[in-house]
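Coordinate analysis (summary)
Below, each chain spelled out in residue letters.
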Number of protein chains: 2
Amino acid sequence: MPEDENFDVTPWDVEGNVDYKKLIEKFGTERIAQGLKKEIRDQANEDHIYLKRDYFFSHRDLDKVLEENKDGDGFFLYTGVGPSGPMHIGHIVPFYFSKWLQDKFDVNLYIQVTDDERYWTGDGTMDEIDDYAEQNIMDIAAVGLDPDKTFIFRNREYMGNMYDAAVKISKQINFSVASGVFGFNSSTNIGMVFYPAIQMIPTFFEEKRCLIPAAIDQDTYWRAQRDIAEKLGHYKAAQIHSKFIPALTGPKGKMSSSKPKDAIMLDDNPEEVREKVMQRAYSGGQVTRKEQEEKGADLSVDVAYQWLKNLFLEDDGRIEEIGRKYSEGDMLTGEVKEILVEKLNEFLSKHQKRKEEKGKELKEKMMYEGNLAKKMWDREIKI
Amino acid sequence: MPEDENFDVTPWDVEGNVDYKKLIEKFGTERIAQGLKKEIRDQANEDHIYLKRDYFFSHRDLDKVLEENKDGDGFFLYTGVGPSGPMHIGHIVPFYFSKWLQDKFDVNLYIQVTDDERYWTGDGTMDEIDDYAEQNIMDIAAVGLDPDKTFIFRNREYMGNMYDAAVKISKQINFSVASGVFGFNSSTNIGMVFYPAIQMIPTFFEEKRCLIPAAIDQDTYWRAQRDIAEKLGHYKAAQIHSKFIPALTGPKGKMSSSKPKDAIMLDDNPEEVREKVMQRAYSGGQVTRKEQEEKGADLSVDVAYQWLKNLFLEDDGRIEEIGRKYSEGDMLTGEVKEILVEKLNEFLSKHQKRKEEKGKELKEKMMYEGNLAKKMWDREIKI
């Protein structure tokens, strides 16, 4: 899915409770309220850190997804990856969340590798993009998704099965609408102009409602889908939106594979992780020990704290304690960072081990040989 | 290939020698001069009625095609059909000319069935378009093309082999350029916006120069190809341009399948042909016999004469004699029409017989089982 670097929602905007609210108003989405959280918990028989900490905080039609699921109609998941470099922590989080949803709700997951869109919008050659796709897919395979209920496909490889659908969908979207949603102009190449149709196809893979987990800035990209879905006899795609994960260097930047020193990469070793966090993670604490003890830290901009709270520290009591102590000056930045380093390395060592041991085999299954993959290769997608 | 009904070259403009010249100036193409005609004749070891009567009258880089062919580099042919109805005489003429070129120059011919473009620009359902495609391909198969050197493919079916090429080409064309060439605007659907890339792919099927036989109004559609071909390391496509075939009802209209009474359809029987020609063919002759004998006919608007001259009456002496007598009032419209009816029915009965007897078998060969088709299905098109 395309990342528009100039999109005017920056991570900064979404720091602090007030701004989340503004963002929801701006996009016209809905907050995941307590009642809905409870419904997810009830149906999943489990809570998830991303939900309880409001890292996933906004949605469209998630209530309908849960209703339809309760009624036995089910739903399915769709997400994507744009292969333009090695993956960092921020890239893989939605896949771990998708895994949880897949496990708890027993649903299929479709993962579109947008090797066409990356070519249209980037500078990479097709070979470079193919190499990144290969690496990215191995990382996704390592997440532990169900190999018989997950289908990972590269657009350029799977287009033979999808082109009829692309032809049908693209007739429903004119240049004016596509420009409005994706910010095209007259110098946009005609491949990219066609892309909204391709991005939309997987939302119609099953005769159920599609749920898309993604950061909230992706919301606009599904407007066209929601405009035409019912006309084509299908469900509007539902979405569950996350906040942004701030870059190591602070909430003003997004993590980016093009600045690997400012991001935790999935293949970083424990030493690299320690060095990056200790040396580069933006701190909300005070400059001197004395000042910190007097004034305490600003949690809303402290990367180590934010990462722990949103993503890694499951224990409610412990994160509350850290937050209290750190903001009141009873904990130092170095101590909080130490906890993050430990959590990150625990997470990465499991991920890397699975990638090393089973990545190749799982990739083959999810792309070609698993039950869902086999079914999808035998199918012509009809809309 | 799309037909733009509003294109401001009407058949009327191309009646009469002066206007052909204007047209060539307008498009910036070149007349097929005597020297070039001779070169074709020399290399083909035969003349062709369409060339000697200037029905094919204009070109781009045809001189290079002939040079490269002489040097042993060869070339290949590419043409297309938009399946939006049953075919009439005007539709099949370029295929008969392609057959002659294929026979004489021993070259491959690629025929793109634009079932995607017809969906994007027309009102037909995919099923309707598929039915027309089926019928059209049977007619093309009946032309007698070499089944081992001809590949007929439906875009929607063959896209799996072409998508990489489409992705690469489409990056080179922006919306502004595509709009300039194809007349797109902001309400054009994004499928059609992508189409110029698809139309261009076959010009890169071989590492030789591609020659496209088509009516002159199609020239603009190849501008983008000629702009980017060399940048992509390929040849600019060459073209050989025909005049328009006037509708039965006169040079102001193009023949159209949507007005089958005003066109000679490929499945018309002899009675229908006679009736249409006798009753509907626009005459350049005078209203009464007496007037005709005094003033003679205006050959430039007489449909029967124009069809005979451009397409059907091979005998130079005879067409000259008819032209002279008819324009001087020594022949009546009915007599000229009678000759056309005879020629048309001779042509159609051969065509229909081949279609009936061998259409299905030849279609299978040219689409899937012939030498070239098999090779093309085994290939991923790389640019």
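Read on for a plain summary of the structure.

Our focus in this paragraph is the packing of aromatic side chains. Scanning the entire structure with this criterion turns up 48 aromatic pairs over all chains. Between A:Phe56 and A:Phe97 the ring centres are 4.1 Å apart and the planes differ by 25 degrees, which places this aromatic pair in the stacked class. Residue A:Phe56 is located in strand β2 (residues 56-60), and its partner A:Phe97 is located in helix α5 (residues 89-105); the two are separated by 41 residues in the primary sequence. Take A:Phe56: its relative accessible area is 1%, and that puts it in the buried class. Overall, A:Phe97 belongs to the buried group, its relative accessible area being 0%. With a centroid separation of 6.2 Å and 80 degrees between ring planes, the pair formed by A:Phe194 and B:Trp120 is classed as edge-to-face. Of this pair, A:Phe194 sits in helix α10 (residues 190-200) while B:Trp120 sits in helix α6 (residues 115-121), each in a different chain.

On to the relation of the copies chain B and chain A, then. Aligned on chain A, chain B shows an RMSD of 0.0 Å; the corresponding rotation is 180 degrees and the shift along the axis is 0.0 Å. Read as a symmetry element, the transformation amounts to a two-fold axis. Looking at the rotation axis and the C-alpha trace of chain B, the residue lying nearest is B:Gly160, at 1.8 Å. Looking at the interface residues of chain B, 100% of them are also at the interface in chain A, so both copies use one shared face.

Now for the sheet that holds strand β3 (residues 75-81) of chain B. Residue and element names in this part refer to chain B. In spatial order, the strands read β1-β2-β7-β6-β3-β4-β5; together these seven strands make up an open sheet with mixed pairing. Each end of this open sheet is capped by a strand with a single partner; those strands are β1 (30-31) and β5 (150-154). Sheet analysis places β1 next to strand β2 (residues 56-60), joined by two bridges and oriented antiparallel. For arginine 31, the partnering residue across the bridge sits in β2 and is serine 58. Docked against the sheet, helix α4 (residues 62-70) engages β2, β3, β6 (209-215) and β7 (238-242), running at close to 140 degrees with respect to β6. Sitting on the sheet, helix α5 (residues 89-105) touches β2, β3, β4 (109-113), β5, β6 and β7, and the angle it makes with β3 is about 165 degrees.

Taken as a whole and assessed by the stated rule, the structure comprises 66 salt bridges over all chains. A:Lys353 is the partner of A:Glu357 in a salt bridge, and the nearest nitrogen-oxygen pair spans 3.8 Å. Of the two residues, A:Glu357 and A:Lys353 both sit in helix α16 (residues 333-369), four residues apart, roughly one turn of that helix. With relative accessibility at 55%, the residue A:Glu357 sits in the exposed group. Connected via shared salt-bridge partners are A:Asp115, A:Asp130, A:Arg154, A:Arg156, B:Asp164 and B:Lys382.

Our next topic: unusual backbone geometry. Residues and elements named next belong to chain A. Despite not being glycine, aspartate 54 shows a phi value in the positive range, around 60 degrees. Note that aspartate 54 resides in the loop between α3 (49-52) and β2. For aspartate 54, a relative accessible area of 23% translates into the label partly exposed. Even without glycine at this site, aspartate 106 takes up a positive phi of about 55 degrees. You can see aspartate 106 is positioned in the loop between α5 and β4 (109-113). Looking at aspartate 106, the relative accessible area reads 52%, which means it is exposed.

Moving on, we come to the interface of chain B and chain A. Facing 33 residues of chain B, the contacting portion of chain A comprises 33 residues. Carbon and sulfur atoms make up 65% of the area that chain B and chain A hide from each other, which totals about 2900 Å². Per-residue buried area on chain B facing chain A is highest for B:Tyr163, B:Lys171 and B:Ile190; these three make up 27% of the total on that side. Taken together, the links from chain B to chain A amount to two salt bridges.

The next subject is the packing of helix α8 (residues 155-170) of chain B against helix α10 (residues 190-200) of chain B. All names here are of chain B. Two numbers describe how α8 lies on α10: the axes approach to 9 Å, and their chain directions differ by 100 degrees. For the element pair α8 / α10, the angle class is roughly perpendicular. Residue-level contacts link Asn155, Met159, Tyr163, Ala166, Ile169 and Ser170 of α8 to Phe194, Tyr195, Ala197, Ile198 and Met200 of α10.

All names here are of chain A. Read from one edge to the other, the open sheet built from seven strands follows the order β1-β2-β7-β6-β3-β4-β5, with strand pairing classed as mixed. Both outer strands of the open sheet, β1 (30-31) and β5 (150-154), are each paired with one neighbouring strand and no more. In this structure, β2 lies alongside strand β7 (residues 238-242), joined through four bridges in antiparallel fashion. What sits directly across from arginine 60, in β7, is glutamine 239. With respect to the sheet, helix α7 (residues 126-141) is in contact with β3 (75-81), β4 and β5, its orientation differing from that of β5 by roughly 170 degrees.

Once that is clear, we can look at the side chain of B:Asn345. Residue position: B:Asn345 is located in helix α16 (residues 333-369). Setting aside chain neighbours within four positions, we find B:Asn345 in contact with B:Asn269, B:Pro270 and B:Val273.

Inspection of helix α9 (residues 175-182) of chain B places B:Phe175, B:Ala178, B:Ser179, B:Val181 and B:Phe182 among the buried residues, and these make up the whole buried set. Those residues of α9(B) hidden inside the fold are in contact with α9 (175-182) and α10 of chain A together with α10 and α11 (223-228) of chain B. With a side-chain oxygen lying 3.1 Å from the backbone nitrogen of B:Ser176, the N-terminal cap of α9(B) falls on B:Asn174. The first or second residue beyond α9(B) is B:Gly183, which carries a positive phi of 75 degrees.

Criteria and thresholds
Residues numbered from 1 in each chain as written. Chains lettered and ligands numbered in written order. Predicted model: local features only at pLDDT ≥ 70, side-chain atom pairs only at ≥ 80, totals over all residues. Heavy atoms only, no water. Phe/Tyr/Trp six-rings, centres within 6.5 Å; stacked < 30°, edge-to-face > 60°. Helix = DSSP H or I, 4+ residues; strand = E, 2+ residues; numbered from the N terminus. Buried < 20%, exposed > 50% of the residue type's maximum accessible area, 1.4 Å probe, protein only. Least-squares fit on C-alpha atoms with pLDDT ≥ 70 in both. Contact = heavy atoms within 4.5 Å. Pairing = 2+ DSSP bridges. Axes fitted to C-alpha atoms, helices over the stretch in contact; angles between N-to-C directions. Salt bridge = Lys/Arg side-chain N within 4 Å of Asp/Glu carboxyl O. Buried area = accessible area lost by both parts, 1.4 Å probe. Parallel < 35°, antiparallel > 145°, perpendicular 65-115°, else oblique. Polar contact = N/O pair within 3.5 Å; in protein donor to acceptor, adjacent residues only side chain to side chain.

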